[in-house]
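Listed here are the chains, written in short residue letters.
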Amino acid sequence: MFKSNIKVISLLLCFVFIFATFNFGITAQAKSMSDLTNEREKIQNEIDSTQKKINALSKEKKETEEYIAVLRSKIELLQDKINSLQKEKSTLQAEIDAVQEKIKKTEAELIALQKEIDAKQAEFDENYELYTKRLKAMYVSGSVSNLEVLLTCEDMSAMFTRSQMIKSVAERDSAALEDLMNKMEEIEAGKKSLEEKRNEMNEDKKNLESDKASLQKRIDEIDTSKKELDSEAAEVNELMKKINAQQGEYMELIETNQEELAAVEDEIRRASITPSYDYKPAPGGTGQFRYPTDSTTISAGYPRYSNGSWHGGIDFPVSTGSNVYAAADGVVSLVKYLNTSYGYHVMINHGNGISTLYAHNSQILVSPGQTVSKGQVIAKSGSTGNSSGPHCHFEVRVNGEQVNPLSYL
C-alpha cells in the first residue's frame, strides 16, 4: 500500500505541473476572447439597426436603389460578423489543440517518469528492509549496553577503538533513520498537495469542456450567419438584375464565398506578375490599346459603380455572343472557366508588367501560352460568373494591381 501511494503521488504531481501551466494559458487568452466577443456584439447591434431600416423600406420601396444599398450594408455587416466569429473559433480551437497536444506529450513523459519512480521505490524498499533487519537482529541478540562494551576492554587503546566503532555505527543508524523519515514526510506533504491540485485539475477540465461547447456554439452561429448572408445576397442580386435591366448598368452580383474570391484574385495577380510561359515582349511597350469590343459605350467606369461600390475595371454593355478583342499584342497568361466571380475570363500579358483581363465571357477562343495579336478575337461576350447582365468587363493591371483602363485606350 505504501509503495502504491508513492507511485500515485508521483504521477499526479506530474499532472499538477502540466495542468497548472494549462490554466495560465486560459487566463492569458481570456482578454483576447473578450475583445472578440465585444466586437461581434457591436457588429450584431449594427445588423439589428440595419434590419429595422430594411423592414421599413420593404413596405414601400423594395425595388429601389435605397433598399438595395441598405441590404448591401447588412450583407457587409454579416460578413464582418462571420469574420469575427471565425477569429473566435480559431482562438478557441488553437487553445483546445494546445491542451490536447500537452496531454499527448504528458502521456509519453509519464511513462518515463514511472520508470524513474519504480527505480527509486526499489531503492527505498531495499534500504528500508536492511534497516528493519538490523533493528530486528539487535533486538533478538539482546545487545549489551555501550558502557558494558567499553568496560570489558583490556586497555585504553582497545577502549578508544571500540568507542570510535560504537560512535560510527550509531551515526550510520541515525542517518539512515533520518533519511527514511524525510522521505516519508515528503510523501505525506505530496499527498496533501495532490488533493489540492486534483481539485484544481478537475476545474481545468471543466473549463476545457466549456471551451469545446463555446467552439461548437461559434460553429453553429457561423453556419446560421452564412445562411442569412446567402439569403440576403440572393435577394439583392435579383433586385439588381431588375434595376440594371432598366438602367443598362450591369453590376457584378454579390459573392458570399470570400475564400473563393480571394483565391481567384490571388491566381490573377500571380498570372499577371509571373506568366507561366517563356515570353520576351518586344521593347517599347507603348500601352496604347484598342477597345475590347465593337462598342465604345461604357456602362460602369473605374473605380466605382454608380452606387459607390468598388469596380476594378470598366464595362462595355454588349449582347451575348459579341466579339471580344485582344487590346494589344501579347501572350495568353490565364484562361479560367468559373461559374462565380469573373466567370469565363482571359488574361493577356503584354510585357513590361502590363496585363489585360476580359471577364464574363460566354466562350473563350484562346489557350494559355498562345500568342495573340492586337484586334484578334479571343472570346465571345456573355454574363457568366457574378454578372447581372451581358457585358465585357475589361481590366488593365500593372504588376498585378488594377489601374484605370481609360489611361490605356
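In this report, the structure presented in the accompanying data block is examined. Counting of residues starts from 1 at the beginning of each chain's written sequence and follows it residue by residue. For a predicted model such as this one, the threshold for reporting local features is a pLDDT of at least 70, and the threshold for listing and counting side-chain atom pairs is 80 or more; totals across whole chains, interfaces and linings nevertheless cover every residue. In computing side-chain properties, one takes all heavy atoms of the structure into account and sets aside hydrogens as well as water.

**Re the overall build of the chain**
Here is step 1: What the chain contains, in helices and strands, is 5 helices and 10 strands.
Here is step 2: A buried classification covers 36% of the 409 residues belonging to the chain.
Here is step 3: Throughout, a contact is declared for two residues whenever any of their heavy atoms are within 4.5 Å. Taking all contacts inside the chain whose residues are at least 6 apart in sequence as the whole, residues at least 24 apart take part in 71%.
Here is step 4: Per-residue and other accessible areas were derived by the Shrake-Rupley procedure at a 1.4 Å probe size, with only the shown protein chains allowed to occlude residues. Surface summary for the chain: the accessible area is close to 23,000 Å², and the carbon and sulfur share equals 53%. Secondary structure is summarised from DSSP: a helix means a run of H or I of at least four residues, a strand means a run of E of at least two, and numbering begins at the N terminus for each. Three labels apply to residues, based on accessible area from a 1.4 Å probe with only protein chains included: buried if under 20% of the type maximum, exposed if over 50%, partly exposed otherwise in between.

**Description of the sheet that holds strand 2 (residues 323-325)**
Here is step 1: Two strands pair if DSSP finds at least two bridges between them. Here we have 3 strands laid out as an open sheet, ordered 2-8-6, and antiparallel in their pairing. Single-partner strands in this sheet number two, and they are strand 2 and strand 6 (363-364).

**Overview of a negative patch on the surface**
Here is step 1: For patch detection, residues must exceed 30% relative accessible area and be free of salt bridges, and they are connected within 9 Å for like charges or within 5 Å for nonpolar side chains (Val, Leu, Ile, Met, Phe, Trp, Tyr). Salt bridges are counted wherever a side-chain nitrogen of Lys or Arg sits within 4 Å of a carboxyl oxygen of Asp or Glu. Charged residues are defined narrowly, with Lys and Arg counted positive, Asp and Glu counted negative, and His plus the chain ends left uncounted. We put the charge of a Lys on NZ, of an Arg on CZ, of an Asp on CG and of a Glu on CD. Together, Asp 35, Glu 39, Glu 46, Glu 76 and Asp 80 make up a negatively charged patch on the protein surface.
Here is step 2: Contributions of two or more residues to the negative patch are made by helix 1 (2-58) and helix 2 (65-141).
Here is step 3: Assignment of secondary structure puts Asp 80 in helix 2.

**Side note on the layout of surface pockets**
Here is step 1: Points on a 1 Å grid over protein atoms alone make up a cavity when a 1.4 Å probe fits among them but cannot get out, and a pocket when they form an open set with protein on both sides within 12 Å along at least five of seven lines; lining residues each have an atom within 4 Å of a point. Grid points are joined across faces, edges and corners, and a volume is the space filled by probe spheres set on the points. Quantified by volume, the largest pocket comes out at close to 810 Å³.
Here is step 2: Within the residue set of the lining of the largest pocket, elements represented by two or more residues are helix 2, helix 5 (258-273) and strand 9 (392-398).
Here is step 3: Here the term charged refers only to Asp, Glu, Lys and Arg, the term nonpolar to Ala, Val, Leu, Ile, Met, Phe, Trp, Tyr, Cys and Pro, and the term polar to all other amino acids, Gly among them. Residues that form the lining of the largest pocket fall into these classes: 11 nonpolar, 10 polar and 6 charged.

**Concerning the pattern of salt bridges**
Pairs can form between side chains of opposite charge once their charged atoms are near each other.
Here is step 1: Applying the stated criterion across every chain, the model contains 13 salt bridges.
Here is step 2: Lys 212 is the partner of Glu 209 in a salt bridge, and the nearest nitrogen-oxygen pair spans 3.9 Å. Of this pair, Glu 209 and Lys 212 both sit in helix 4 (residues 156-247), 3 residues apart, roughly one helical turn.
Here is step 3: In this structure, Arg 269 engages Glu 401 in a salt bridge whose closest nitrogen and oxygen atoms are separated by 2.5 Å. On the criterion of sequence distance, the pair formed by Arg 269 in helix 5 and Glu 401 in strand 10 (residues 401-403) is long-range, its members being 132 residues apart.
Here is step 4: If you follow the salt bridges from partner to partner, you end up with Arg 40, Lys 81, Glu 88, Arg 218 and Glu 221 in one network.

**Things to note about the pairing of strand 9**
Here is step 1: Counting buried positions along strand 9 gives 6 out of 7 residues, so the element sits mostly inside the fold.
Here is step 2: Pairing of strand 1 (residues 314-316) with strand 9 involves 3 bridges; the strand directions are antiparallel. Directly across from Phe 316, in strand 9, lies its bridge partner Cys 392.
Here is step 3: With 6 bridges connecting them, strand 5 (residues 354-361) and strand 9 associate as antiparallel partners.

**Remarks on the pairing of strand 8 (residues 377-380)**
Here is step 1: Looking at chain direction, strand 2 and strand 8 are connected through 3 bridges and run antiparallel. Following the sheet pairing, Tyr 325 is matched in strand 8 by Val 377.
Here is step 2: Two strands pair when backbone bridges link them, and strand 6 and strand 8 are joined in this way by 2 bridges, in the antiparallel orientation. Bridging across to strand 8, Ile 364 finds its partner in Ala 379.

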